[in-house]
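Examining the three-dimensional arrangement
Below, each chain spelled out in residue letters.
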Amino acid sequence: MIKARHISKTFGSLQVLKDIDIDIAPRQITSIVGPSGAGKTTLLQILGTLSQPDSGGSLEYDGLDVTRLSDSRLSQFRNRNIGFVFQFHQLLPEFTIQENVAMPALIGGENNTAAMEKARGLLCRLGLEDRLRHRPAELSGGECQRAAVARALVCNPKVVLADEPSGSLDSENRARLHELFFRLRDEMGATFVIVTHDERLAADSETIVHMADGRIDSVSGNKRP
């Protein structure tokens, strides 16, 4: 589904990514692991079209090289095809949880009624039906992260990219979030790419990409029972 070739990224004199090739299979969970400074987050940002690779690299989604799109077309592509989950949920504090989740759909051109109904449906599906009108400060960390997952899914993206999504959670909520990813993958057919230090999540993923020093060190597969 995703094919990246010759991906390099340099900031000043520092080369963070060094000629990376990577393929992401559809409807699977791929974990990217490695020590701090390996380039994991930078690679995820490029896969998510939030950052451009150095010249000479290409990034294809189902055969479309998105590095060749104009800024406006790239923004539209990102909104319709890619959802993002971050370590700290990054929900807007002045809006309710339902409004936060609806935001990407509103940005994508959905009318308010349709966007809010989609948000309500996802939040109910994730067990937050009693929290629709609460603001982030009124929710637990695990609830906020579930709301962030709902926000990532509201435009029904093909790909969900997550950067240390369970890093700020306790062990109980971390386990719940992991199971949620697998359940949503099975139910919605989404592709998940997750940067993580969590060995349990990585071990359960179908594909594990090991990075070190700006390169892919190895790729291993795992069939989840």
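In this report, the structure presented in the accompanying data block is examined. (Residues numbered from 1 in each chain as written. Predicted model: local features only at pLDDT ≥ 70, side-chain atom pairs only at ≥ 80, totals over all residues. Heavy atoms only, no water.)

What about the sheet that holds strand β5 (residues 64-65)?
Taken in spatial order, the four strands of this open sheet run β2-β1-β4-β5, and their pairing is antiparallel. Unpaired on one side and paired on the other, β2 (14-24) and β5 mark the two borders of the sheet. (Pairing = 2+ DSSP bridges. Helix = DSSP H or I, 4+ residues; strand = E, 2+ residues; numbered from the N terminus.)

So, the sheet that holds strand β7 (residues 159-163)
With respect to topology, six strands assemble into an open sheet ordered β6-β7-β8-β3-β9-β10, the strand pairing being mixed. Lying at the two open borders of the sheet, with one neighbouring strand each, are β6 (82-85) and β10 (215-221). The sheet shows a mean angle of 20° between the axes of neighbouring strands, taken without regard to direction. As paired strands, β6 and β7 are joined by four bridges and run parallel to one another. (Axes fitted to C-alpha atoms, helices over the stretch in contact; angles between N-to-C directions.)

Some details on the nonpolar core
The biggest cluster of nonpolar side chains holds 35 residues, and the ones touching the most others in it are Leu123, Val149 and Phe192. Contributing elements (two or more residues each) for this core: α3 (97-107), α4 (112-125), α5 (141-153), β7, α6 (171-188) and β8 (191-195). For valine 149, the residues in contact, after removing those within four places along its chain, are Val85, Leu126, Leu177, Leu180, Phe181 and Leu184. Counting 28 residues, the second largest nonpolar core, distinct from the first, contains Ile46, Val66, Leu74 and Val159. (Core = buried A, V, L, I, M, F, W, Y, C linked by side-chain atoms within 4.5 Å. Buried < 20%, exposed > 50% of the residue type's maximum accessible area, 1.4 Å probe, protein only. Contact = heavy atoms within 4.5 Å.)

All we've got here are geometric facts, nothing functional implied.
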